[in-house]
Amino acid sequence: GMVAAGMVLDHIQHWTVFLQIKEIFILVPALLGLKGNLEMTLASRLSTAANLNKMETRSDCLALIIGNLALVQCQGIVVGFLAALTSVGMSWFTNSSIQSQHVLLLCASSVVTASLASFVLGLVMVMVILLSRRCSINPDNIATPIAASLGDLTTLSLLAWISSLLWTEPWLSLFIIVAYLLLIPCCAWLSFRCQDTKQVLFTGWFPVLAAMLISSGGGLILNFAIGKFPGIAVFQPVMNGAGGNLVAV
């Protein structure tokens, strides 16, 4: 998965949008980090709930799934916005200028990527955990490695596709940003209703946001590195992802 993501990044770095908006590279590590900060923790939470027999009845199972998916959406949207704003701030600090149209595209691309990747991978985690329970297998041994392997490839592919789409349709960016801002309270309310995610909704922000800021620092280094050594792109997901995958497992 990480090798395939590296090949994708090596290919897309030559696309028009990536050549015109260099700040998008600052986003890459922060968005790839979401697989560890959001999807893997989702897999762990649901695996623990399954092992504690909290998913025995259909109503309990549905409440847990909706609460957790809504929580991950809420976190993904907020982190997506903040990652984009951080990349804009870092770019402005180093270059002293950035176009407003580029800011809108970065925000919209980041938020849609974070949201869709979290939703798709969240659904995969749910299905894997439910199947594991049905087959009497410990979901902890399966769900987390699958999240680790699928996360990078899914996120990078989405970022490339969405940013290229918004490059040709700039008016869409503002509409997407407004729509996602309205979606945040809806997701927060759904996760607040579930007892298992209610506490995480209030207390789980610091590690996620701290990880995003650190990853953005890595993104700034990647932005400089790709300018000097374009071939480094193919190794980036492997170098960045290996540690997280091993620790998570």
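Quick note: structure is the one above.
Below, the structure is looked at part by part.

What counts, and where the lines are drawn
- Residues numbered from 1 in each chain as written.
- Predicted model: local features only at pLDDT ≥ 70, side-chain atom pairs only at ≥ 80, totals over all residues.
- Heavy atoms only, no water.
- 1 Å grid on protein atoms, 1.4 Å probe; cavity = no way out; pocket = protein on both sides within 12 Å on 5 of 7 lines; lining within 4 Å.
- Points joined across faces, edges and corners; volume = space filled by probe spheres on them.
- Nonpolar A, V, L, I, M, F, W, Y, C, P; charged D, E, K, R; others polar.
- Helix = DSSP H or I, 4+ residues; strand = E, 2+ residues; numbered from the N terminus.
- Buried < 20%, exposed > 50% of the residue type's maximum accessible area, 1.4 Å probe, protein only.
- Polar contact = N/O pair within 3.5 Å; in protein donor to acceptor, adjacent residues only side chain to side chain.
- Contact = heavy atoms within 4.5 Å.
- Phe/Tyr/Trp six-rings, centres within 6.5 Å; stacked < 30°, edge-to-face > 60°.
- Core = buried A, V, L, I, M, F, W, Y, C linked by side-chain atoms within 4.5 Å.

1. Re the layout of surface pockets
Turning to step 1, where the next piece is worked out: Computed from the structure, the second largest pocket encloses a volume of approximately 230 Å³.
Turning to step 2, where the next piece is worked out: Along the walls of the second largest pocket sit Met55, Glu56, Arg58, Cys61, Leu130, Leu131, Arg133 and Arg134, which together make up its complete lining.
Turning to step 3, where the next piece is worked out: Residues belonging to the lining of the second largest pocket are distributed by class as follows: 4 nonpolar, no polar and 4 charged.

2. Focus on the side chain of Ser118
Turning to step 1, where the next piece is worked out: Mapped onto the elements, Ser118 comes out in helix α6 (residues 100-134).
Turning to step 2, where the next piece is worked out: Relative accessible area serves as the criterion here: at 1%, Ser118 is assigned to the buried category.
Turning to step 3, where the next piece is worked out: Among the polar contacts listed, one links the side chain of Ser118 to the backbone oxygen of Ala114, at a separation of 2.7 Å.
Turning to step 4, where the next piece is worked out: Excluding residues that lie within four positions of it along the chain, Ser118 makes contacts with Leu38, Glu39, Val72, Gln73 and Gly76.

3. A short note on the packing of aromatic side chains
Turning to step 1, where the next piece is worked out: One pass over the full model with this rule turns up 1 aromatic pair.
Turning to step 2, where the next piece is worked out: For the ring pair Phe192 and Phe202, a centre distance of 5.9 Å and an interplane angle of 85 degrees mean the geometry is edge-to-face. Of this pair, Phe192 sits in helix α8 (residues 171-193) while Phe202 sits in helix α9 (residues 195-203), placing them 10 residues apart in sequence.

4. A look at the nonpolar core
Turning to step 1, where the next piece is worked out: Among the nonpolar cores identified, the biggest contains 66 residues, and Leu27, Met55, Phe81, Leu166, Ile176 and Tyr180 are the most heavily contacted of them.
Turning to step 2, where the next piece is worked out: In this view, Leu166 contacts Leu105, Ala108, Ser109, Leu172, Ser173 and Ile176; residues no more than four positions away in its chain are not counted.

Read these as spatial facts, not as claims about activity.
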